[in-house]
Amino acid sequence: MNLQTPVKDSQLLSELGKSLVTGSLSNQQVLSETEKEAPIKILPSANVLKIGGQSFIDRGKAAVFPLIEEIAENLGSHEMILGTGGGTRARHAYSVGVDLGLPTGVLSVLGTFVSMQNARILYYLLAKHGIPFIEPVQFGQMAHYLKERGAVIFFGMPPYTFWHENPKIGRIPPHRTDTGSYLVSEVFGAKSMIFIKDEEGLYTADPKKDPSAKFIKRISVKELKELDLQDVVVERPVLDFMEIAKNRRSIRIINGLVKGNLTRALNGEDIGTEIYVDS
């Protein structure tokens, strides 16, 4: 029996593929070539919703139940990926950990488990609707869950755990639940990234502490960084990631305590604050 001559690997590879196989991945010219092909949007119909720990779950039934009802009302109309924050309990864990001298990577683990607890709380409250809670290892099943149930729940803390980078200042993990939720929207090419807070959106200062704080309806990342505000409604690393994003180059912050705001945001209405990256 005559065997066909095997096709050489080089014949199966594009010019870019050959350069990646034979070149160095620290070569800036080789790396720049990988930007020519735009990444696909894996879940373009999904909306990533970040539910604040302090904003909602720490407030208890009065805040959480109306939001749960509104999420349920949107099942079948919008695909939702629900991420949870850590809230006050995470801050308490960080304060104890810092006092004990624990490094940033260990503090990240502590914050992860608090965010996970909040995700499980949401799961139990939405269980009657068949909404599953998934951990990072189950993200490969997320598309199936979205098509079957219309929503999934995950904890917002990125799964860096001990591998978390040190911040420039202090020891608190810089990439927390806002960042983790945003990265899901970016990597999966989601339709939107909505941060559900207990404020209308971005202000020039914390409106809870400064009654003279002015509301900002729409602003670019560049303009926001130039303002150098003392208090920003989302974690600052989110702004850094937006500047190098391929898919998710805008985010929206809404007040989820107002009934109907979530539905309006899911429907694409211009409510709250939009932060975007200039094209």
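Trainee: Before we go on, may I ask you to explain the pairing of strand β9 (residues 273–276) in this structure?
Mentor: Successive side chains on a regular strand alternate, one facing one side of the sheet and the next facing the other. Burial along β9 is two-sided: the residues T273 and I275 and E274 and Y276 are all buried. In the sheet, strand β7 (residues 218–220) pairs with β9 via 3 bridges, with the strands oriented parallel. Bridge pairing links I219 to I275 in β9. Judged from the 4 bridges that link them, strand β8 (residues 250–255) and β9 form a sheet pairing that is antiparallel. If you follow R252 over to β9, its bridge partner there is E274.

Trainee: Can you walk me through the sheet that holds strand β4 (residues 192–197) in this structure?
Mentor: Two modes of strand pairing occur in sheets, parallel and antiparallel, and in both the strands are linked by backbone hydrogen bonds. A sheet is described by the order of its strands in space; here 7 strands give the open sequence β3-β2-β1-β4-β8-β9-β7, paired in mixed fashion. Edge positions in the open sheet fall to β3 (151–155) and β7, since each of these has one partner strand only. Going across the sheet, the axis of each strand differs from the next one's by a mean of 20 degrees, ignoring polarity. With 5 bridges connecting them, strand β2 (residues 79–84) and β3 associate as parallel partners. Within the sheet, the bridge partner assigned to L82 lies in β3 and is I153. Helix α6 (residues 104–126) rests against β1 (46–51), β2 and β3 of the sheet, and its axis sits at about 155 degrees to β3.

Trainee: What's the story with the packing of aromatic side chains in this structure? I'm lost.
Mentor: Any pair of aromatic rings gets described here by the distance separating the centres and the angle formed by the planes. For the structure on display, the rule yields 5 aromatic pairs. Arranged with centres 6.1 Å apart and planes meeting at 45 degrees, the rings of F139 and F188 form a pair that is tilted. Taken as a pair, F139 in the loop between α6 and α7 (142–149) and F188 in the loop between α8 (177–187) and β4 lie far apart in primary sequence, 49 residues in all. Measuring from ring centre to ring centre gives 6.4 Å for F162 and W163, while their planes differ by 65 degrees; the resulting arrangement is edge-to-face. Given a relative accessible area of 71%, W163 falls into the exposed group. Among the aromatic residues, those joined into a ring-pair cluster are F139, F154 and F188.

Trainee: What am I meant to see in unusual backbone geometry here?
Mentor: In terms of backbone geometry, most residues other than glycine have negative phi values and most peptide bonds are trans. Although it is not a glycine, T161 sits at a positive phi angle of roughly 45 degrees. Mapped onto the fold, T161 is located in the loop between β3 and α8. Owing to a relative accessible area of 22%, T161 belongs among the partly exposed residues under this scheme.

Trainee: What am I meant to see in a nonpolar patch on the surface here?
Mentor: A cluster of nonpolar side chains, contributed by L20, L25 and L31, occupies part of the molecular surface with about 250 Å² of accessible area. Position of L31 relative to the elements: it lies in helix α3 (residues 28–33).

Trainee: In this structure, what is going on with the pattern of salt bridges? I would like to understand it.
Mentor: Oppositely charged side chains may form a pair once their charged atoms are brought near each other. Tallied over the full model, the rule gives 17 salt bridges. Among the ionic pairs, E73 bridges to K259, the shortest N-O distance being 3.5 Å. In this pair, E73 is assigned in helix α4 (residues 61–73) and K259 in the loop between β8 and α11 (261–266), connecting sequence segments 186 residues apart. With a relative accessible area of 48%, K259 lands in the partly exposed category. Residues K208 and D198 are paired through a salt bridge, measuring 3.1 Å at the closest nitrogen-oxygen approach. A residue pair is termed long-range when its members are at least 10 positions apart, and K208 in the loop between β5 (202–203) and β6 (215–216) and D198 in the loop between β4 and β5 qualify at 10 residues. With a relative accessible area of 15%, D198 lands in the buried category.

Trainee: What's the story with the pairing of β4 in this structure? I'm lost.
Mentor: In terms of burial, β4 is a largely internal element, 6 of the 6 residues being buried. Burial along β4 is two-sided: S192, I194 and I196 and M193, F195 and K197, pointing in opposite directions, are all buried. Where β1 meets β4, 5 bridges bridge the pair, whose relative direction is parallel. What sits directly across from V48, in β4, is M193. Bridge analysis of β4 against β8 gives 4 bridges, and the strand direction is parallel. Paired with I196 across the two strands is I254, which belongs to β8.

Trainee: In this structure, what is going on with the nonpolar core? I would like to understand it.
Mentor: One recurring pattern in soluble globular proteins is that nonpolar side chains are buried together. One finds I81, M142, Y182, L202, M242, I251 and I275 to be the most contacted residues of the largest nonpolar core, which totals 34 residues. Residue assignment for this core shows that the elements contributing at least two residues are β1, α7, β3, α8, β4, α9 (221–227), α10 (236–243) and β8. Apart from residues lying up to four places away in sequence, M142 is in contact with L43, I81, I134, V152 and F188. Judged by nonpolar contacts, the second largest core, of 32 residues, contains L82, A265, L266 and I271.

What counts and what doesn't
Residues numbered from 1 in each chain as written. Predicted model: local features only at pLDDT ≥ 70, side-chain atom pairs only at ≥ 80, totals over all residues. Heavy atoms only, no water. Buried < 20%, exposed > 50% of the residue type's maximum accessible area, 1.4 Å probe, protein only. Helix = DSSP H or I, 4+ residues; strand = E, 2+ residues; numbered from the N terminus. Pairing = 2+ DSSP bridges. Axes fitted to C-alpha atoms, helices over the stretch in contact; angles between N-to-C directions. Contact = heavy atoms within 4.5 Å. Phe/Tyr/Trp six-rings, centres within 6.5 Å; stacked < 30°, edge-to-face > 60°. Patch = residues over 30% accessible without salt bridge, like charges linked within 9 Å, V, L, I, M, F, W, Y side chains within 5 Å. Areas by Shrake-Rupley, 256 points an atom, 1.4 Å probe, with all protein chains shown as cover. Salt bridge = Lys/Arg side-chain N within 4 Å of Asp/Glu carboxyl O. Core = buried A, V, L, I, M, F, W, Y, C linked by side-chain atoms within 4.5 Å.

Everything listed here is a matter of coordinates, which is why it stays silent on function.
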